[in-house]
Amino acid sequence: KVEEGASAMQAALTCARASSDRAKARAQSDISTELAKQGRVEEALTCARGISNDDWKSKVLMDISTELAKQGKVEEAASTMQEALTCARGISDVSDKSSALLDISIELAKQGNWVLAENIGLEIPQMEEKHSCWKTMSKNSLHEIGGQKALHNVLRLQSNEARRHYIQGWLS
C-alpha cells in the first residue's frame, strides 16, 4: 500500500507539472502538504519550491511548517516558516502580500512565537488586514488557552497598535 501511495503521488506530481500555472500551483500545493503529513519532508519541500508563484509558495511552505510543528520537528518548522516569510515578502500584489503575512503571523502566534508574529504583523501593508491579524490572534488565544492566559499574551505585544486591536478582538 505504501508503494502504491508513493506511485500515485509521483503520477500526480508528474501530471501537475504538465498543467497550467494555476492548476500546477494548486496541485503542487496539495501534494506538498500531503507529503509533509506523511513525513516525507524533503520531497514536500522540493515540490513546494517548484511552485513559481510566491503567493502559493508561501502558503504551502507555511502549511508544511505547521505540519512539521505538529510532528514536533521544531527546527525544521522554523526554517520552513522563514522560507515562507521570504516568499511572502516577495509578493508584489499588496492584497496578496497582506494576506500571506497575516496568515504567517497568526500561525506563528499559534506556535507560541509571539515576538516574530508581532513583527510580521507590523509588516502587513494593508491596515484592515493588519488589524484583523491582531483580532484573530486574540480570538484564537481566547478559544485555545482561555481568558486568563490570553490576557497574559497582550502583555507580550510591544506595539500599542497591536495591543489595542488584540483587545478589540475580545469584544468582537
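See the structure above.
Let me sum up the structure you'll find in this document. From a predicted model like this one, the values you see are computed outputs, not experimental measurements.

Considerations on the packing of helix α4 (residues 54–70) against helix α6 (residues 94–110)
- One can describe the packing of α4 onto α6 by two numbers: an axis separation of 10 Å at closest approach and a directional angle of 5°. In terms of orientation, α4 and α6 fall into the roughly parallel class. Contacts between α4 and α6 involve D55, S58, K59, M62 and T66 from the first element and D96, S99, A100, D103, I104 and E107 from the second.
- Here the contact of α4 with α6 is built from residues that sort into 3 nonpolar, 3 polar and 5 charged.

Notes on helix α7 (residues 114–123)
- Buried within α7 are the following residues: W114, A117, E118, I120 and G121. The buried residues of α7 occupy an angular sector of 165° when projected down its axis, which confines them to one face.
- Buried residues along α7 sit against α5 (74–89), α6, α8 (127–145), α9 (147–156) and α10 (160–171).

Some words on the environment of V41
- Here V41 is to be found in helix α3 (residues 41–49).
- Counting along the chain gives 24 residues from V41 to S65, while the straight-line C-alpha distance between them is 9.8 Å.
- Every residue in contact with V41, bar those within four places of it in the chain, is listed here: L68, K73 and E76.

Some details on the nonpolar core
- If you look at the biggest cluster of nonpolar residues, it comprises 42 residues, and the most contacted ones within it are I64, I104, C133, W134, M137 and Y166.
- Among the elements that line this core, the one with the most residues is α6, at 7 residues.

Digging into the packing of α7 against α8
- Relative orientation of the contacting elements α7 and α8 amounts to 155°, with a least axis distance of 9 Å. Between α7 and α8, the interaxial angle falls into the category roughly antiparallel. Of the residues in α8, those in contact with W114, A117, E118, G121 and L122 of α7 are K130, C133, W134, M137 and S141.
- Here the residues of the contact of α7 with α8 are counted per class, giving 6 nonpolar, 2 polar and 2 charged.

Each value, and the rule that gives it
- Think of each chain on its own: its residues are numbered from 1, step by step along the sequence as written.
- pLDDT decides what is reported in this predicted model: residues at 70 or higher carry local features, side-chain atom pairs at 80 or more are listed and counted, and totals for whole chains, interfaces and linings draw on all residues regardless.
- With hydrogens and water excluded, all non-hydrogen atoms of the structure serve as input to the side-chain values.
- With axes taken as lines fitted to C-alpha atoms, and helix axes fitted only over the stretch in contact, angles between N-to-C directions fall between 0 and 180 degrees.
- Runs of H or I in DSSP of at least four residues are treated as helices and runs of E of at least two as strands, each being numbered from the N terminus.
- The scheme is simple: roughly parallel for angles under 35 degrees, roughly antiparallel for over 145, roughly perpendicular for 65 to 115, oblique for anything else.
- Note on contacts: a residue pair qualifies if any of its non-hydrogen atoms lie within 4.5 Å across the two residues.
- Under the scheme applied here, ten amino acids are nonpolar (Ala, Val, Leu, Ile, Met, Phe, Trp, Tyr, Cys and Pro), four are charged (Asp, Glu, Lys and Arg), and all others, including Gly, are polar.
- Partly exposed residues are those whose accessible area sits between 20% and 50% of the maximum for their type, while under 20% is buried and over 50% is exposed, using a 1.4 Å probe and protein chains only.
- Directions from the helix axis toward the C-beta atoms define the arc.
- In this text, buried Ala, Val, Leu, Ile, Met, Phe, Trp, Tyr and Cys residues form a nonpolar core when linked through side-chain atoms within 4.5 Å.

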